Amino acid sequence: MNERNGRHARIISLGACAVCAQTLFIREILGIITGTELILGLAIASWLLWIGSGGLIGGRLLRSRSATAERAFGGLSVSLALSVPIVVLFIRTCRSLLVDPPGSIPDILPAAGLILVSTAPFGLLYGAVYNSACAVMKEPGKSLSSAISSTYILEAAGSIAGGALLSLLFFAFLTQLAAAFAVSVIVSMVFLITSVKGRRSGWVLVLLAAAAGIAASPYLDRASMSLVFGGHEVMEVVPSRYAELCVTRNREITSVFSGGARVFSHPDPEALGERVDLPLLSHRAPATVLMIGGGYGGGAEEASGHPGVEKVDWIELDGKLPVIMDRAVGNGEENPGVRKLTGDGRFLLRGSGPYDVIIVDVPEPVNLRWNRYFTREFFKSASRCLSPGGVLTLRHSSSENFISAGNAAVLGMIRETLSSTFEYVDVVPGGTVFFIASDSPVDAGDIPVRLLAKGLGGRYLSLDELVWRLSAERRDHLAAALANAPRRINSDLHPILVPYELILNGRRSGNFPADLIEGMLDLPQWTLPAVFFFAAAIFSGLMAGGGAAAKGAVFLTGFCSMTVQVSLMLAYQAYSGILYHSLVIMTALFMAGAAIGAYSAGRRKAGRGPRLQTLHILMASTALLVPVWLRFQAVEVTGQLTGGVGFMFLSLAGGILTGAYYGTVVETAWPRQAGAPPALFYSWDLFGACAGGLVAGTLLIPLSGLAWTAAAAAAIHLATALLLARKVAA
C-alpha cells in the first residue's frame with residue numbers, strides 16, 4: 001500500500017471510530033435516565049461542543065508547535081483509540097453513583113453534568129485530530145481548502161463503514177464494552193498495517209491492550225454492572241440491538257433491565273392478578289387475548305388458564321428476552337395455549353385479530369419507546385383489532401389515597417387520549433390505576449361479580465379488596481382528582497406525555513425544575529419556535545457583514561441540520577421503537593450523504609452564490625418532510641419496511657445537503673490568511689449543531705412537538721438564505 005492510500009485508510013478508520021464511539025457513548029448515557037430519548041439532543045450537543053472546541057484549540061496548537069503534522073496525527077490517534085473503552089467505563093462508573101435504586105431516574109442536574117463531561121476526552125482529541133489530518137492530506141501544489149474537503153469526505157466514508165460494522169456485527173454478538181475494545185482493535189490494526197516501520201511500536205501496544213480488553217470484557221462487564229446495580233448479583237450482560245440487557249438476582253428475585261429500565265422481575269405472583277386477571281375480568285367472556293408485554297413471570301400462562309380463554313398471543317419487541325428469561329429461571333417449556341410473537345406490537349397489530357381483550361403491559365412512558373403505546377395513533381390501531389364489545393386495558397402507577405397534581409395530569413392525559421378514540425373509558429382506582437376502553441359500554445363495577453362467578457377469588461385477587469377498591473367513594477375521589485387535569489391528547493407528533501412523566505418523576509426526586517418546565521408546557525405550541533426564529537434572524541443580521549457572514553451561515557446551517565436530524569431520530573423512535581439499534585445507521589447515512597454532498601460541491605467551481613440559496617430552500621423542505629412522513633405512516637398506508645426506508649432516506653438527504661453546503665462554503669469563503677485553523681468552518685458548523693441538538697432535544701420537541709420544530713427549522717433556513725447567502729458567495 002502506497003503512502004497516499006495509507007493516509008486515506010487511516011482517516012477512514014478514524015471516521016469509523018468516531019461514529020462507533022458516538023453511538024456507544026449515547027447508548028451508555030441513555031441507560032442513565034432509563035432510555036429517555038429527550039436527552040439525546042443534550043448528548044449530541046455535548047459531543048459536538050467538544051469536537052468543535054478540539055478543532056479550534058488543536059488548530060492553534062498545531063501551528064504554534066514545531067512538531068510535524070504527521071507526528072501529531074499519529075500521537076493523537078493513539079490516544080483516540082485508547083479513549084473509547086475508557087470513556088464507556090467512566091460513564092458506567094458515574095452511572096453507579098447517580099442511579100439509586102436501579103431502574104430509577106436520577107437527579108437531572110448531576111446527570112446533565114455527567115453527559116456534558118463524559119464525552120470531553122474523545123471529543124477534544126477528535127477535533128484536534130481533524131486539524132492534523134487536514135494538514136497530512138495537503139498535497140504539494142494544492143490548496144489547504146481542498147485537503148479540508150477531502151478529509152471531510154474520507155471521515156464521512158469511515159462513518160459509513162463504522163455504522164455497518166457496529167449495527168450488523170458488533171451489536172449482534174458483543175456487549176457495548178466489548179464493542180468499544182473491538183473499535184480500538186480495528187483502528188490499531190489499520191494504523192499498524194499502513195504506518196511506516198518506525199512508528200508501529202505504539203500501535204502494537206494499543207492492539208495488545210485492546211485485544212486483552214475484549215478477552216476480559218465478560219468479567220469487566222459484570223464488575224462494572226455490579227456497581228450500577230448495587231445490592232444485586234449480576235448474572236449476565238447480553239448484547240441486543242434494542243438496548244443492552246442485564247440479568248440480575250437479589251435473593252430469590254431475578255430481574256431483567258433493558259437500557260437501564262426494569263422490564264420485569266420473577267417470581268412476582270402478586271402482580272399476576274393486577275396485570276392479567278383484572279384486565280380479563282373487565283370483559284364479560286374473553287376468548288381471544290393479545291398481550292403486548294407482560295407475559296413473563298407466568299403472565300402468559302395465567303392468561304391462557306383464565307376460564308373461557310381459547311387463544312393468547314403474546315408480543316415482545318426484543319426476541320432475546322424470552323431466551324435469557326428461560327435461561328435465568330430455568331423455564332423453557334412451551335405452553336400450547338400461548339403463541340409467542342417477536343416484533344413491534346404496533347406493527348403486528350395491523351391486520352391481526354380480532355381480540356376480545358388487548359392487554360398493554362409496558363413500562364410507564366418515560367421515553368418515546370414506551371410512549372408509542374400511549375398515543376392516539378396506537379389506540380386507533382388497537383381499536384380496529386378488537387372484536388365487537390372488545391376492550392383495551394393499560395395501567396399506570398398511582399396512589400391509594402393521595403393523588404398529586406402531577407400524577408393527576410399524567411392519568412388525565414391518558415384518559416383524554418383514550419377518549420379521543422374510544423367511546424367508553426372507565427378507570428379503576430388504586431395504587432395502580434387501570435384504564436378500560438371500548439366502543440361498547442364498560443363498567444369496572446362488574447369486575448367483582450365476574451371474579452366470584454369464575455371462582456378466581458383468593459388466587460391473586462381478593463373479592464373484599466376489589467369491592468372496596470371499586471366503591472363509589474374511591475371512584476369519586478379519583479374522578480375529582482382528574483377533573484382539573486390538562487385536557488391534552490398525546491400523539492406521535494407531539495408526545496406530550498413524556499415530559500409530564502419526567503416532571504412527575506422529577507417531583508419525586510426533588511432536584512428537578514419541574515415548575516419551570518410545567519409552566520412552559522402551558523404555553524401555546526408555537527411560542528418557543530417563534531422565539532428561536534427571531535433569535536436566529538437577529539443573529540444572522542448581526543453576522544451578515546464582512547468576514548463573519550460565512551461563519552454565521554455555517555453556524556445557522558449546523559443549527560438547523562442538527563435540529564432536523566434530532567427530530568428525525570425521535571420521529572423514527574416514535575414510529576419504530578428501535579432507535580437504540582438504528583441510531584448508528586441513521587448517523588452513518590447522514591455522514592454518507594455529507595460525503596456525497598461535499599464531493600459534489602468540490603466538483604463544481606462556478607455559480608456557488610445561487611446554489612447556497614437553493615440549498616437552504618431544499619434543507620427547509622427536508623425539515624418539513626419529517627413530521628409529514630411520520631403523519632403519513634400513522635394512517636398505515638405503507639408497510640414497516642417502507643416506512644423505515646423513508647426515514648433513512650430523509651437522513652441521507654439531510655446529509656447530502658449539509659455536506660454540499662459545507663463544501664461550497666469551504667471552497668468559496670475559507671480564509672487564505674495565515675493563522676486560520678483548518679477546522680475553522682468545521683468547528684462553527686459543530687457549534688451550530690451543538691446548539692441545535694440542545695435546543696431541539698430538550699426544549700422544542702418535548703414542549704412544542706415535531707411539527708412546530710420542523711416549521712422553526714424551515715423558517716430559519718429561509719431567513720439565512722435571504723440574509724446571508726449572497727454575502728457568503730460575494
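Up top is the structure these notes are about.
These remarks concern the structure in this document.

Cut-offs and rules
- Per chain, the residues get numbers from 1 upward, laid out in the order the sequence is written.
- The model is predicted, so local features are restricted to residues of pLDDT at least 70 and side-chain atom pairs to those at 80 or more, both for listing and for counting; the totals for chains, interfaces and linings are taken over all residues.
- The side-chain quantities take in all heavy atoms of the structure and omit both hydrogens and water.
- Only rings of Phe, Tyr and Trp enter the pairing, Trp through its six-membered ring, and a pair is recorded when the two centres are within 6.5 Å. The plane angle decides the type: under 30 degrees is stacked, over 60 is edge-to-face, the rest tilted.
- Helical segments are the DSSP runs of H or I of at least four residues, strand segments are the runs of E of at least two, and each set is numbered from the N terminus.
- A 1.4 Å probe rolled over the protein chains alone gives each residue an accessible area, and that area as a share of the maximum for its type sets the label: buried under 20%, exposed over 50%, partly exposed in between.
- Two limits define a charge over a ring: the Lys NZ or Arg CZ must be within 6 Å of the ring centre, and within 35 degrees of the ring normal.
- Site definitions follow a grid-based scheme: protein atoms alone, a 1 Å grid, a 1.4 Å probe that fits but cannot get out for cavities, and for pockets an open set with protein on both sides within 12 Å along at least five of seven lines, plus lining residues having an atom within 4 Å of a point.
- Grid points are joined across faces, edges and corners, and a volume is the space filled by probe spheres set on the points.
- In this description, contact between two residues means that some pair of their heavy atoms is separated by no more than 4.5 Å.
- Paired strands, as defined in this entry, are two strands with at least two bridges between them according to DSSP.
- In protein, a polar contact means a hydrogen-donor-capable atom and an acceptor-capable atom, both N or O and within 3.5 Å, with residues adjacent in sequence counting only if both atoms are side-chain atoms; elsewhere, any N or O pair within 3.5 Å suffices.

## A short note on the packing of aromatic side chains
1) Next: Evaluated as defined, the whole model comprises 16 aromatic pairs.
2) Next: Each ring, one from Tyr572 and one from Phe647, has its centre 5.6 Å from the other, and the planes form 70°; the classification is edge-to-face. Here Phe647 lies in helix 25 (residues 640-669) and Tyr572 lies in helix 22 (residues 548-576), a separation of 75 residues in the sequence. Summarising the burial analysis for this pair, Tyr572 and Phe647 share the class buried.
3) Next: It is Arg27 that lies over the ring of Phe171; its NZ or CZ is 4.0 Å from the centre.
4) Next: Above the plane of the ring of Trp468 lies Arg474, whose end atom (NZ or CZ) is 4.2 Å from the centre.

## Re the layout of surface pockets
1) Next: In this model, the largest pocket occupies a volume close to 1100 Å³.
2) Next: Together, 45 residues line the largest pocket, and Arg262, Val263, Pro363, Glu364 and Arg395 are the ones closest to its centre.
3) Next: Breaking the lining of the largest pocket down by element, the ones donating at least two residues are strand 4 (261-266), helix 9 (269-281), strand 6 (311-316), helix 13 (368-371), strand 9 (386-397) and helix 19 (497-509).
4) Next: The dominant element in the lining of the largest pocket, judged by the number of residues it contributes, is strand 4, at five residues.

## Let's talk about the environment of Leu174
1) Next: Note that Leu174 resides in the loop between helix 6 (144-173) and helix 7 (176-194).
2) Next: A sequence separation of 66 residues divides Leu174 from Ser240, and the C-alpha atoms of the two residues are 8.6 Å apart.
3) Next: Leave out the neighbours within four places in its chain, and Leu174 touches Ala179, Ala182 and Pro239.

## Examining the pairing of strand 5 (residues 288-292)
1) Next: Summarising burial for strand 5: five of the five residues are buried, a large majority.
2) Next: A two-sided burial pattern is seen for strand 5, the buried positions comprising Thr288, Leu290 and Ile292 on one face and Val289 and Met291 on the other.
3) Next: Pairing of strand 5 with strand 8 (residues 355-360) involves four bridges; the strand directions are parallel. Bridge pairing in strand 8 places Leu290 opposite Ile358.

## So, the side chain of Ser491
1) Next: Among the structural elements, Ser491 can be located in the loop between helix 18 (472-483) and helix 19.
2) Next: Among the residues examined, Ser491 registers a relative accessible area of 8% and is labelled buried.
3) Next: In this structure the side chain of Ser491 is engaged in a polar contact, spanning 3.1 Å, whose partner is the backbone nitrogen of His494.

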